[in-house]
Amino acid sequence: MAGSRIKLELSRVVQGRSRLGVLKGLGRTGQHSLEVPGCLLYTHFGTVPHLTQDTLHTLSNLSSVTQVTLSNIAEHQEVLEEFKDGFKKFAGLHDTVLYCSLHDPAAPCPPGYTTNKTVSVWGSGGRIELTVAKFMALQKTVRPDWYQSMADGETWHSNTSRKRVRKSVDRTLAHLDECLLVHQNSQELQGVEVFGVVEGGDILEERVRSARETAKRPVAGFCLDGLQTGSMDQALRTQLIAAMTKELPEDKPRLLQGVGRPDEVLACAEAGVDLFESFFPFQVTERGCALCFSFDISPDPERAVLELNDDEKCTAGETQANGDVTLDDQTQMTSFEINLKDKRYQDDFRPLVGGCGCYCCQNHQRAYLHHLLVTNELLAGVLLMIHNTAHYNGFFSALREAIANDKLDLLKRRVLGERVGQTERKE
């Protein structure tokens, strides 16, 4: 396999871990780039949920990388093969880099269906079993710019045995070797990059072994799998990420799968992660909620006070402190968001977030969103997804600014809530 075109040019590394830089050489011709820490553009079958392409591109700071998943695509393989021109053209995606992952990070993936030779993905029609041959046939049909290698990622449950975790690492490395062999001999996949998958459950030694062995292969980057929200507490996740990244080359990107909550993103970026999947705004939208957390790190004290006061109003009446969530439930509302279905918003004529420049906040009020949600209007999902995507992208911009200007501690205080422990005001 020819050397990877993707290169990570780092401009700053803080305390040996947090990394700031630009991922260059993306796409078949290498014309795209992506700032890191950054997030991918989450889609269902190439479309951001609730948004048309025209609506989506009214937003600024969009990621140059679009994520699609085999769990969505596998059941449409015959149609794509007949189309012959690849998924990007099929879905009307033009000026973007296409990344193909195995599973949808926002959808449950029932365990217990992995063998030595196969993994399973779950589409709308049920389970689809993939051998390496079928997996690679799908990649030739999709023609992504980069894809995640096949992997056995069913070891994130806390009761997984050490023997099962070791088998997961061995299987994943074997899958990677088989995928690379097919890839190297495939005309259709010339110019396409492969990301190796690092497994190992919650066992430090296996994580290190998986990272070290994967780094020996000719891959363009690394997917850190099995660390998703609900699988373990943040302290253990951070410890495992720090151990893995010591084994990985500095000039190749690390993509963390299944983590999207702002508090977890901050901790993982501090531990050395470069890329994240942006499914969290979609989950918030599906709950009928709006992201409403502060990430302002402005040096202007007066503006900071105004932002904090507005943020206090934003979470008034919520019962959780920022970051509180049940470990085993990704569907539970977090305090990074407000629930617009609540009656308290039926006569609240403020924007979702004061000062937000998105179309929703510039043109509509919380009361209107509440009305759309309780009457089951489709426009509710559109407006919420516009805001949540814009807010989340703004958070990543603030994260890069904080690393560049030694303000990570300030950003953490803002995001995690300087009000934790204060008495919530009654509406």
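The coordinates are above.
Residues numbered from 1 in each chain as written. Predicted model: local features only at pLDDT ≥ 70, side-chain atom pairs only at ≥ 80, totals over all residues. Heavy atoms only, no water.

Turning to the environment of H157, a few remarks are in order. With respect to the secondary-structure elements, H157 resides in the loop between β10 (146-148) and α6 (162-184). Remark: the alpha-carbon pair of H157 and L227, spanning 70 residues in sequence, is separated by 9.9 Å. (Helix = DSSP H or I, 4+ residues; strand = E, 2+ residues; numbered from the N terminus.)

Here the focus is the side chain of T389. If you trace the backbone, T389 turns up in helix α14 (residues 379-404). Judged by its relative accessible area of 7%, T389 is buried. A distance of 2.8 Å separates the side chain of T389 from the backbone oxygen of M385, its partner in a polar contact. Those residues in contact with T389 that sit more than four places away from it in its chain are L59, L62 and P281. (Buried < 20%, exposed > 50% of the residue type's maximum accessible area, 1.4 Å probe, protein only. Polar contact = N/O pair within 3.5 Å; in protein donor to acceptor, adjacent residues only side chain to side chain. Contact = heavy atoms within 4.5 Å.)

Enumeration over the complete set of coordinates arrives at 18 aromatic pairs. When the centroid spacing of 5.1 Å and the interplanar angle of 40° are considered together, the rings of Y99 and W146 count as tilted. In this pair, Y99 is assigned in strand β7 (residues 97-101) and W146 in strand β10, connecting sequence segments 47 residues apart. The residues Y99 and W146 share a single accessibility class, namely buried. One aromatic cluster in this structure is built from F276, F280, F293, F295, F336, Y392, F395 and F396. (Phe/Tyr/Trp six-rings, centres within 6.5 Å; stacked < 30°, edge-to-face > 60°.)

This paragraph deals with the state of the cysteines. Taken as a whole and judged by the stated rule, the model has zero disulfides. In this structure C360 is not part of a disulfide, and its nearest cysteine sulfur, from C358, lies 5.2 Å away. (Disulfide = S-S within 2.5 Å.)

Moving on to the packing of helix α7 (residues 204-215) against helix α8 (residues 234-245). Helix packing geometry: the angle between the two helix axes and the distance between the axes. The interhelical angle for the contact between α7 and α8, taken along N-to-C directions, is 35°, at an axis separation of 8 Å. The crossing of α7 and α8 is right-handed. Across the interface between the two elements, L204, R207, V208 and A211 of α7 pack against Q239, L240, A243 and M244 of α8. A class-by-class count of the residues in the contact of α7 with α8 yields six nonpolar, one polar and one charged. (Axes fitted to C-alpha atoms, helices over the stretch in contact; angles between N-to-C directions. Left-handed = near helix turned anticlockwise from the far one by under 90°. Nonpolar A, V, L, I, M, F, W, Y, C, P; charged D, E, K, R; others polar.)

This paragraph deals with the side chain of R254. Along the polypeptide, R254 turns up in strand β13 (residues 254-256). The exposure class of R254 is buried, given its relative accessible area of 2%. Among the polar contacts listed, one links the side chain of R254 to the backbone oxygen of T245, at a separation of 3.4 Å. For R254, the side chain forms a polar contact with the main-chain oxygen of G272, separated by 2.9 Å. Setting aside residues no more than four positions away along its own chain, R254 makes contact with R19, F222, L224, T245, L248, P249, G272, V273, D274 and L275.

This next bit is on the sheet that holds strand β3 (residues 32-36). Note: strands within a sheet are paired through backbone hydrogen bonds, in either parallel or antiparallel orientation. Reading across the sheet, the three strands line up as β1-β2-β3 and stay open at both edges, with antiparallel pairing between neighbours. Both outer strands of the open sheet, β1 (7-14) and β3, are each paired with one neighbouring strand and no more. Averaged over all pairs of adjacent strands, the angle between their axes in this sheet comes to 10°, without regard to strand direction. Note that β1 and strand β2 (residues 18-26) share seven bridges and pair antiparallel. (Pairing = 2+ DSSP bridges.)

This part covers the pattern of salt bridges. The final tally for this structure, using the stated rule, is 29 salt bridges. A salt bridge links E264 to R237, with the nearest nitrogen and oxygen atoms 3.3 Å apart. Taken together, the positions of E264 in helix α9 (residues 262-270) and R237 in helix α8 put the pair 27 residues apart, joining distant regions of the chain. Here E264 and R237 have matching classes, each one buried. With its nearest N and O atoms 3.1 Å apart, the salt bridge here joins K412 to E270. With K412 in helix α15 (residues 408-416) and E270 in helix α9, this pair connects stretches of sequence that are 142 residues apart. Looking at E270, the relative accessible area reads 23%, which means it is partly exposed. Overlapping salt bridges, with partners in common, bring together R19, E250, R254 and D274 in one network. (Salt bridge = Lys/Arg side-chain N within 4 Å of Asp/Glu carboxyl O.)

Let's shift gears to unusual backbone geometry. Among all residues save glycine, negative phi is the norm, and among peptide bonds the norm is trans. Here the bond from V36 into P37 is cis, since omega is 0°, no more than 30 degrees from zero. Mapped onto the elements, P37 comes out in the loop between β3 and β4 (38-39). Phi angles above zero are rare outside glycine, and N61 is one such case at about 60°. Relative to the elements of secondary structure, N61 occurs in the loop between α1 (53-56) and β6 (65-69).

The buried count for strand β8 (residues 118-123) comes to five of six residues, which makes it a mostly enclosed element. Examined bridge by bridge, β8 and strand β9 (residues 126-131) share six bridges and lie antiparallel to one another. Considered in β9, the bridge of V119 is made with L130. Between β8 and β9, which follow one another and run antiparallel, lie two residues.

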